[in-house]
Amino acid sequence: MAKYRKKPIVVDAEQFLHPATSPRGVYVGENGDAWVVTIHGVKTPVVPGDWIIMEPDGKHFYPCRPQIFAGTYELEA
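Residues numbered from 1 in each chain as written. Predicted model: local features only at pLDDT ≥ 70, side-chain atom pairs only at ≥ 80, totals over all residues. Heavy atoms only, no water.

**Things to note about the sheet that holds strand S1 (residues 13-15)**
Selection rule: Pairs of strands are assigned from DSSP output, requiring at least two bridges between the strands. Think of it this way: any DSSP run of H or I at least four residues long counts as a helix, any run of E at least two long counts as a strand, and we number them from the N terminus. The convention used is that axes are lines fitted to C-alpha atoms, helices contributing only their stretch in contact, and that angles between N-to-C directions extend from 0 to 180 degrees.
Overall, antiparallel pairing links the three strands, which are arranged S1-S5-S6 in an open sheet. Across the chains shown, the open sheet's two edge strands, defined by having one partner strand only, are S1 and strand S6 (61-64). If you compare each strand with its neighbour and ignore which way they point, the axes differ by 25° on average. Looking at chain direction, strand S5 (residues 51-54) and S6 are connected through four bridges and run antiparallel. In the sheet register, Trp51 faces S6, and the bridge partner there is Cys64.

Right, here's the structure in full:
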């Protein structure tokens, strides 16, 4: 089995902290539930603390849990 390294890519991301101040791509229902619609058309729930990452098309987003985001991404200088 061979080893592979994930290619370095730069993503646009913003942390979702509260429904009243939702980042781009986050929808909030009347009951306060929040979600994004992925590039595959799937309505995916998000919770405060999740990072919202923009797809390369600039129109779709996907959530990433804070622990995974911290272990996968670093702020570009």
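What follows picks up the thread again.
**Let's talk about the nonpolar core**
Just so we agree on the cut-off: Residues enter a nonpolar core if they are buried and are Ala, Val, Leu, Ile, Met, Phe, Trp, Tyr or Cys, with the set joined through side-chain atoms within 4.5 Å. Exposure is judged per residue with a 1.4 Å probe applied to protein chains only, and the accessible area is read against the type maximum: over 50% gives exposed, under 20% gives buried, and values in between give partly exposed. Contacts were defined at the residue level, with two residues in contact if any of their heavy atoms lie within 4.5 Å.
Counting residues in hydrophobic clusters, the biggest one holds seven residues: Phe16, Val26, Ala34, Val36, Val46, Ile52 and Phe61. Once residues within four sequence positions are removed from consideration, Val46 is found in contact with Phe16, Val26, Ala34, Trp35, Val36, Ile52 and Pro63.

**Focus on the environment of Pro56**
Of note, Pro56 is situated in the loop between S5 and S6. Taking the C-alpha atoms as reference, Pro56 lies 18 Å from Glu74; in sequence the two are 18 residues apart.

**Here's the deal with the sheet that holds strand S4 (residues 43-46)**
Strand order in the open sheet made by the three strands is S2-S3-S4, with antiparallel pairing throughout. Since the sheet does not close on itself, it has two edges, and those belong to strand S2 (27-28) and S4, each with one partner. Sheet topology note: the strand S3 (residues 34-37)/S4 ladder contains four bridges and is antiparallel. Paired with Val36 across the bridge in S4 is Thr44.

**Description of the packing of aromatic side chains**
Inclusion rule: Stacked, tilted and edge-to-face are the three classes assigned to paired rings of Phe, Tyr and Trp, where Trp is represented by its six-membered ring and a pair needs centres within 6.5 Å; plane angles under 30 degrees give stacked, over 60 edge-to-face, the rest tilted.
Applying the stated rule across the entire model yields three aromatic pairs. The interplanar angle of 5° and the centroid separation of 4.2 Å between the aromatic rings of Trp51 and Phe69 together place this pair among those described as stacked. Placement of Trp51 in strand S5 and of Phe69 in helix H1 (residues 66-72) is noted, with a sequence separation of 18 residues between them. On the accessibility criterion, Trp51 (22% relative accessible area) is partly exposed. Taken together, the ring pairs connect Trp51, Phe69 and Tyr73 into an aromatic cluster.

**Concerning the confidence of the model for the protein chain**
As a reminder, the rule being used: pLDDT runs from 0 to 100 and stands for how confident the predictor is about each residue.
Scored by pLDDT, the protein chain has a mean of 92; 100% of the residues are at 70 or more. By mean pLDDT, H1 is the weakest element of the protein chain at 93, and S4 is the strongest at 97.

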